[in-house]
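Spelled out, the chains give:
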Amino acid sequence: MTKKKIGVYVCHCGGNISDYVDIEKVKEAVKDEANVYLLKNTLFACSDSSQKEMVADIQTNELDAIVVASCSPKLHVPTFRGVAQRAGMNPYNYVQVNIREQGSWAHSDNPKGATEKAILLVKAGIARAAESEALTSSKIPAANVVAVIGAGVGGMRSAIALADMGTEVYLIEKEKNVGGHVANFGSLFTTDKMGYELSANLLSEVKKRENIKLFTNAEIVEKKGSIGNFDIQVKVDNDVLPLHVGAFVVNTGFDSYQPQQGEYGFGEQTNVITLPEFKKLIDNSSERLIFNGKAIKKVAYIYCVGSRQNDEGDNKYCSRYCCTAAIHASVQVNKKFKDVTNLHFNRGIRTYGKQELLYEESSKNGDIYLQFSLDSIPEITQKGGKTFVKVKDILSAGKEVETEADLVVLVTGMVPRENSKLASQLKIPVGRDNFFNEIHMKLRPVETVIDGVLIAGTCQSPKNILETMNSSMAAAAKINSVLTKGEMTLDPTLAKINPSQCTWCGKCAEACPFDAIIQTEFDGRIVAKINEANCKGCGMCTPVCPTDAIDLAGFTNAQIEGMIDALAE
Amino acid sequence: MEATNNDSMNRSNAGTTDYDVLVIGAGIAGEESALKLADMGFKVLLIEKEPSIGGKMILLSKVFPTLDCAACITTPKVSETARHPNITILTLAEAESIVKEENNLFSVTFKKHPRYVVENDCTGCQECETVCPMVVKDQFQFNLVARKAIYIPFNIANPRVALIDIENCTLCGACEQKCPSNCIDFTQKEELVNIKVKSVIVATGFKLFDPISIERYGYGRYKNVITSMQMERELAPTRPFNSVLRPSDGKVPDKIAYIFCTGSRDHTVGNPICSQVCCMYSTKQAQLLMGALPMADISLYYINIRAFGKGFNEFYMQAKDMGANYVKGKIGSISEKENGNLILRYEDIVTGKVTEKEHDLVVLSVGLLANHEITKVFKNEKLELDALKYIKQPDLLQSPATTSIKGVFVAGTATSPMDIPDTIMSAGAAASETSGYLNQWS
C-alpha cells in the first residue's frame, strides 16, 4: 500500500553537504512531491538531538515512512532504522538517500549540478519510500564458536581472549609449529623480552584452556554458510574434520620482504644479508660478532628495502616496524659486542611514539645516521675484497659519503602473505597494498565487509607485536559481543520467489554468489526457493529472471520503477 | 553484524554491586570499551568530567588518511553509547577515590558537578544563550570565538543540553526568566556518590601540549601563531567562521607554515617521545587547506615524517603531489612584522644554510602529553606510571590492557600517544581483558 505520510529530512552534514548543495533549493523542489507530509532540514541528522526530534515527529504526525537525505547508507542505515524502530515505525519504511558521497563530495567543483542531482535523488528516495513495505527480521541460533586462522602470537592471543570470554575456539595453524615469525626471534623491542619466550608462554596458556582446540598442519578446505552458522571442513594431517563455527578471526600474519637478486648486492655479495638474518646472527653470536669467519666491526644498515617504493615497485606503503627493529638490533649489537660501529642509511627515521627513546639510545651509543632519498639510493661496491657503501647524505647538505662496511644489513619490510586460497574461500577483500582490508579503518578496524569474517594482526597491515596483540584482542571482543547472544538477526531484505511464475530455468542459481537458491517442488513442478540463512539480499538474481518471478524485499520492482520514474521526470 | 548490537542482553551478575565495570573517560576509547562490554551483556557506568561525551575526536575536522568527516563518524558511536540499555552515562562527573576492598570489589566515590540546568528538562533550544549578558572564551572552539556563561558546549554535544559556567555567571537570572521549559536550577549542589563496581577501565586520554612554554615560537604573543587544534576547528564542519582566517586581522592567509614536533621529541619541554599523530594530522590539514584555499602556499617544517600506518605513506605522498612544500629543518625562532606576518628562521637541512622565510599564518603542530592525574584517585593500591608518566603496562607484549592493579584495565592514549584506529583496537583489547576478568568472577 502506498505510503501517504512521508517525513523527509535533508541534512547539511555540517558543511559537508550544504557547502555545495543548496539545501533550500532541494527543499523547495521536493516540497510538493506526492505523499510528502513533513519536510525539514537538519545540521547533523545523525546527532542524538536530531534523532530525538525525528522520533517525536514520527509519533506526533503518525508518519508512515521517512526519508533521510544525507550520507552513504553504509554509514547510517542502522542509525536511522533505529530511529524508526524507537518511534514505533517499521525500520524498513525508512529510506536513505546519499547526497554526500554521490552529491556534494563527488561534485564539489559544480555546486549547481550537485544541487540538481540531489533534488532528483531525493525525489527518487521519496518514490521508493512510498512503495516501501514493512519487513520483519527473523532470528536464527548462532554458534558461539570461532575458528582462529593462524597460530602466530596474534592468533594465539585472539584464541586465549575468546576462550576467557566464554567462546569456544578452534585454532587452525598451517605449519607444524605455532608462534610464526616471533617464535624464531630473540630480544624484542621495546621490552627486551625474548620472542621465543613470548610464543612459548602463549602456547602454554592455549594448552591450559579446555575450550581451545589447536590443530597444526591444518587448513580449511571447504566453507559454507554465513555468520553464526558456518560449516567448514578442516584438513588436519591426512584427516578431514567437519566443524561448525559462528565466525572466523583471520590472523595469518605477514611475510618478510625477500630482496631481489642484485638488490643492493643481495644474492651476489655474501656479506649482504636481511634484517631477520642479522637478528639471528646477533642471537647466535657471543662475545664477538662473526660472519663467515670474519669479525664484524662496521655494520651498514640500508633502510626501506621493499617498502616505500617508487612507481616501479609494488609496495608504496611504510612497513612500520622496521626502523625500530633495525635500531633495536643496533642497540643489541652495542650491548653485546665491543667496538662495532653501526651506520644507518635511512630515509627518515620513523621511531614513532615511545620507540623514539631507542633512537635516542642508539644515537647516544655513537651510531651514525645518514639519510638518502629514493632518487639517489646507496651504492654497494666491492673493491679489493672490501665492501663500500656510497651515498649522497641529505643530513650533510647532500655531500657524497663513502664508507667501508664489513656487513650490509638490508632492513626488509613486511609484505602481504600469499593467501589467495583463503581469501577466496572466505571472500576477504584485499586493499590497494594487497593486505586484507577492513570495513572501516577508523571505527571498525578488525571487521571486513563479510559478516563473521574478522581480521587481526599483520594480515591487515604491518604492525609491531603490541599493535598485533591489541588488534587480536579487539577482534576477539568484537566477535564475542556478537556471538555471545546465541542468536543472530537475519536481515529481511531477502529475495522472494513467486513459485507460480517460476519455471526453474536455473539462471538465478547461477547468478547467486552465496549458494542461496535451491530447488523445491511446487504444484508438482520444480521451482526455485531461497535459503534465507544464506541470502544476502544482493539482488543479483532479480534481473536475470526471465519470468519476473523474483522480487527483492526493500528493493521491489514497484519501488525501482517508482525511482526510475522520479529520476526520468 | 551490526543489526543485533542494540538488542540488550543481561549477562550481569551484578548482585550487590552497582555496575560490572566503571569506565573513566568517554572519549572514543571509553566509548568503544563501554560499547563492547555492554554488547556482551555487562552493566557499564561511563563517567566523563566534561559536559559532553565524545572526547577530542568529536571536535576534529576530518581524519587521516581517509578524510572521513570526524563528526559524521563519531556521532553514531556517541549516539549508540548514549542509547545503549546497558550503559549509564554521567557527564560532569569526576572520580574522587577508588579503593579496592578485600572482596575484590572497588568502592568508588565520584563527584557530580552541578550543571545548574535540569538535564532531562532542557530541550537545547538555546534561548538562554540569547539573553545571557556574559561573554567568555569558548574552550570548545579553542578560544577562537566567545560563548555565553550559559551555553551548549558545541552543536553536536551529547547530551545536547545547556550548562552554566558558574564562575563567569553573575546570577542575573535572565536565563531563568527566558527558559521556556523552566529548567534552570541555581540550587543544584555538588554531589558525592558512592558505588561499588567489579572492574575499572581507565580511558582518560591525553593532554594537548600548551606551546606557551616555547617562548621562541611566540604563541600567545604573536596573534598569527595558532595551534593545530585551533586550525582543526577552523576546518571543521561546525567551524566558527565560514572560512579559514588569521586572528590578527581576519585576512584569509595565503602563506601558511606548519611547525612539526612542537612539544614532542624535545627534552627542553620534558617530552622526549614522538606524539605519533602530528605528522599525519598536519599533512591532513595541509590537504584540506589546499582544497579550501587553492591559491595558498603551505610549507611544513619537519624533522622526520612519521607516516607509518596503513595508507599513511601514500597519504603523505599525495600531499606532496598536491603541492605541499615539506621543508626538512627545525625552526630556531619566529619574529613578528608590523603587518602581523611572521619571519621563520631555520636551518634548511637540504642546503645546510640558515634561512629566513616569511609566512602570514603559523600553525604549531602540538604534541600529546600524558594525562596522569587519575592515579591519585586510587587510594590503597597504586596505579603505576611508566617513566613517561603514561599508565604503566606491566605485560606490554602479552596483555597490554592490564595495569599494576588487578581488575583495573587501560585503553587508548592513557597508555601512549596513538591514532584513532590504534585507540579503537586498544579499547577493544581492554574490553576483551575486562570481560575475561569478569567471567572468572562468576
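Predicted model, so just to flag it, every value in this text is computed and none were measured. (Residues numbered from 1 in each chain as written. Chains lettered and ligands numbered in written order. Predicted model: local features only at pLDDT ≥ 70, side-chain atom pairs only at ≥ 80, totals over all residues.)

Asker: Quick question: what am I supposed to make of the overall build of chain A here?
Answerer: A count of helices and strands for chain A gives 15 helices and 30 strands. Out of the 569 residues belonging to chain A, those deemed buried represent 50%. A sequence separation of at least 24 residues applies to 70% of the contacts in chain A between residues at least 6 apart. (Helix = DSSP H or I, 4+ residues; strand = E, 2+ residues; numbered from the N terminus. Buried ≥ 20, exposed ≤ 12 C-beta atoms within 10 Å, placed from the backbone. Contact = placed C-beta atoms within 7 Å.)

Asker: Which parts of the structure should I look at to understand the overall build of chain B?
Answerer: Helix and strand counts for chain B come out as eight helices and 23 strands. For 442 residues, the compact-globule estimate of 2.2 N^0.38 gives 22 Å, and the C-alpha radius of gyration of chain B, at 23 Å, lies within 12% of that figure. In terms of overall dimensions, chain B has C-alpha extents of about 70 × 60 × 40 Å along its principal axes. Relative to its full complement of 442 residues, chain B shows a buried share of 55%. (Rg over C-alpha atoms; globule rule 2.2 N^0.38 Å.)

Asker: Mind showing me how you'd approach the domain arrangement of chain B here?
Answerer: Interfaces are often sized by the amount of accessible area the parts lose when they come together. All names here are of chain B. According to the domain assignment, chain B contains domain 1 (2-113 + 190-205 + 371-441), domain 2 (127-178) and domain 3 (209-368). For domain 2 versus domain 3, the distance between C-alpha centres works out to 31 Å. Taken together, the seven residues of domain 2 in the interface contact six residues of domain 3. Its residues assigned to classes, the side of domain 2 that touches domain 3 shows five nonpolar, two polar and no charged. (Domains from an automatic or database assignment. Nonpolar A, V, L, I, M, F, W, Y, C, P; charged D, E, K, R; others polar.)

Asker: When you look at the environment of A:Ile172 in this model, what are you seeing that I'm missing?
Answerer: Tracing the backbone shows A:Ile172 in strand 7 (residues 168-172). Since 27 C-beta atoms lie within 10 Å of it, A:Ile172 is described here as buried.

Asker: Which parts of the structure should I look at to understand helix 3 (residues 73-86) of chain A?
Answerer: Residues that lie three or four places apart on an α-helix share one face, since the helix turns once every 3.6 residues. In a regular helix each residue adds 1.5 Å, so 14 residues correspond to 20 Å; helix 3 of chain A covers 19 Å between its end C-alpha atoms and thus fits that length. Among the residues making up helix 3 of chain A, those that are buried are A:Leu75, A:His76, A:Thr79, A:Phe80, A:Arg81, A:Gly82, A:Val83 and A:Ala84. (Expected span 1.5 Å × (residues − 1).)

Asker: Hey, could you run me through the sheet that holds strand 1 (residues 6-11) of chain A in this one?
Answerer: Adjacent strands of a sheet form backbone hydrogen bonds with each other and so pair up, either parallel or antiparallel. Residues and elements named next belong to chain A. Pairing is parallel across the open sheet formed by four strands, whose spatial order is 2-1-3-4. The open sheet is flanked by strand 2 (36-42) and strand 4 (94-98), the only strands paired with a single partner. Averaged over all pairs of adjacent strands, the angle between strand axes in this sheet comes to 15°, irrespective of strand direction. Pairing between strand 1 and strand 3 (residues 65-70): five bridges, direction parallel. (Pairing = 2+ DSSP bridges. Axes fitted to C-alpha atoms, helices over the stretch in contact; angles between N-to-C directions.)

Asker: Is there a simple way to think about the interface of chain B and chain A in this case?
Answerer: Chain B puts 71 residues into the contact, and the matching count from chain A is 73 residues. Put simply, the parts of the chain that give the side of chain B that touches chain A at least two residues each are helix 1 (28-39), strand 4 (68-69), helix 2 (70-83), helix 7 (312-322) and helix 8 (420-441) of chain B. Here the element with the most residues in the side of chain B that touches chain A is helix 8 of chain B; it accounts for 14 residues. Its residues assigned to classes, the side of chain B that touches chain A shows 34 nonpolar, 24 polar and 13 charged.

Asker: For this particular structure, what's the right way to read the pairing of strand 16 (residues 297-302) of chain B?
Answerer: Residue and element names in this part refer to chain B. Of the pairings in the sheet, the one linking strand 15 (residues 255-262) to strand 16 comprises five bridges and is parallel in character. Bridge pairing in strand 16 links Ala257 to Ser299. Regarding topology, helix 6 (residues 278-292) serves as the crossover connection from strand 15 to the parallel strand 16, and that connection is right-handed. Both strand 16 and strand 17 (residues 325-328) contribute to a ladder of four bridges, which runs parallel. Bridging from a neighbouring strand, Leu300 pairs with Tyr326 of strand 17. The parallel pair strand 16 and strand 17 is bridged by helix 7, and the resulting crossover is right-handed. (Right-handed = clockwise from strand over helix to strand, strands pointing away.)

Asker: Any chance you could explain the sheet that holds strand 11 (residues 239-245) of chain A here in plain terms?
Answerer: Residues and elements named next belong to chain A. Strand order in this open sheet of three strands is 9-10-11, and the pairing throughout is antiparallel. Pairing within the sheet leaves two strands with one partner each, and these edge strands are strand 9 (218-226) and strand 11. Direction aside, the axes of adjacent strands within the sheet are offset by 20° on average.

Asker: What is the right way to look at the pairing of strand 28 (residues 517-522) of chain A in this model?
Answerer: Two faces make up the sheet, and in a regular strand the side chains alternate between them. Residue and element names in this part refer to chain A. As paired strands, strand 28 and strand 29 (residues 525-530) are joined by six bridges and run antiparallel to one another. Counted as the bridge partner of Phe522 is Arg525 from strand 29. Connecting strand 28 to the antiparallel partner strand 29 that follows it, the hairpin turn spans two residues, and Asp523 within it adopts a positive phi of roughly 55°.

Asker: Help me understand unusual backbone geometry, please; the structure alone is not making it clear to me.
Answerer: Negative phi values dominate among residues other than glycine, just as trans dominates among peptide bonds. With an omega dihedral of -10°, the bond running from B:Phe64 to B:Pro65 counts as a cis peptide bond. Here B:Pro65 is to be found in the loop between strand 3 (62-63) and strand 4. Residues B:Asn158 and B:Pro159 are joined by a peptide bond in cis, for which omega reads 5°. Its place among the elements puts B:Pro159 in the loop between strand 10 (150-151) and strand 11 (163-164). You will see that A:Asp339, though not glycine, has its phi angle at about 60°, which is positive. Mapped onto the fold, A:Asp339 is located in the loop between helix 9 (322-336) and strand 18 (341-346). In this structure A:Asp339 comes out as exposed when scored by C-beta crowding, with 10 C-beta atoms within 10 Å.

Asker: Help me understand the packing of helix 12 (residues 465-483) of chain A against helix 8 of chain B, please; the structure alone is not making it clear to me.
Answerer: For any two helices packed against each other, the geometry comes down to the angle between their axes and how far apart the axes lie. Interhelical geometry of helix 12 of chain A versus helix 8 of chain B gives an angle of 60° and a closest axis separation of 7 Å. By the angle between their directions, the pair helix 12 of chain A and helix 8 of chain B is classed as oblique. In the crossing of helix 12 of chain A with helix 8 of chain B, the sense of the turn from one axis to the other is left-handed. Contacts between helix 12 of chain A and helix 8 of chain B involve A:Glu467, A:Met469, A:Asn470, A:Ser471, A:Met473, A:Ala474, A:Ala476, A:Ala477, A:Lys478 and A:Asn480 on the former and, on the latter, B:Asp422, B:Met425, B:Ser426, B:Gly428, B:Ala429, B:Ala431, B:Ser432, B:Glu433 and B:Ser435. Taken together, the residues of the contact of helix 12 of chain A with helix 8 of chain B break down into eight nonpolar, seven polar and four charged. (Parallel < 35°, antiparallel > 145°, perpendicular 65-115°, else oblique. Left-handed = near helix turned anticlockwise from the far one by under 90°.)

Asker: What exactly am I supposed to notice about helix 6 (residues 153-164) of chain A here?
Answerer: Residues and elements named next belong to chain A. An ideal rise of 1.5 Å per residue puts 16 Å on twelve residues; helix 6 measures up with 16 Å between its terminal C-alpha atoms. Within helix 6, twelve of the twelve residues are buried, leaving the element largely enclosed by the surrounding structure. Buried within helix 6 are the following residues: Val153, Gly154, Gly155, Met156, Arg157, Ser158, Ala159, Ile160, Ala161, Leu162, Ala163 and Asp164. Just downstream of helix 6, Gly166 is the residue with a positive phi angle, here 100°.

Asker: Explanation requested: the environment of B:Asn325 in the structure shown.
Answerer: Residue and element names in this part refer to chain B. Mapping Asn325 onto the fold places it in strand 17. Along the primary structure Asn325 and Tyr301 are separated by 24 residues, whereas in three dimensions their C-alpha atoms are 8.6 Å apart. Setting aside chain neighbours within four positions, we find Asn325 in contact with Asp297, Ile298, Ser299 and Leu300.

Asker: What exactly am I supposed to notice about the packing of helix 8 (residues 275-284) of chain A against helix 9 of chain A here?
Answerer: All names here are of chain A. Where helix 8 meets helix 9, the closest approach of the two axes is 11 Å, and the angle between their N-to-C directions is 25°. By the angle between their axes, helix 8 is roughly parallel relative to helix 9. As for the relative orientation of helix 8 and helix 9, their crossing is left-handed in sense. Contacts between helix 8 and helix 9 involve Leu275, Phe278, Lys279 and Ile282 on the former and, on the latter, Cys322, Ala325, Ala326, Ala329, Gln332, Val333 and Lys336.

Asker: Explain the confidence of the model for chain B to me, please; I cannot follow it from the model alone.
Answerer: The predicted coordinates ought not to be read in detail in places where the model reports low pLDDT. With 96% of its residues at a pLDDT of at least 70, chain B reaches an overall mean of 94. Taken together, the chains of this predicted complex give a pTM of 0.93 and an interface ipTM of 0.94. (pLDDT = per-residue confidence, 0-100.)

Asker: Please clarify how the environment of A:Met89 should be interpreted in this entry.
Answerer: Residue and element names in this part refer to chain A. By the secondary structure assignment, Met89 is in the loop between helix 3 and strand 4. The spatial distance from the C-alpha of Met89 to the C-alpha of Tyr20 is 32 Å, given a sequence separation of 69 residues. Beyond its immediate stretch of four places on either side in the chain, Met89 contacts Ile58, Leu63 and Ala84.

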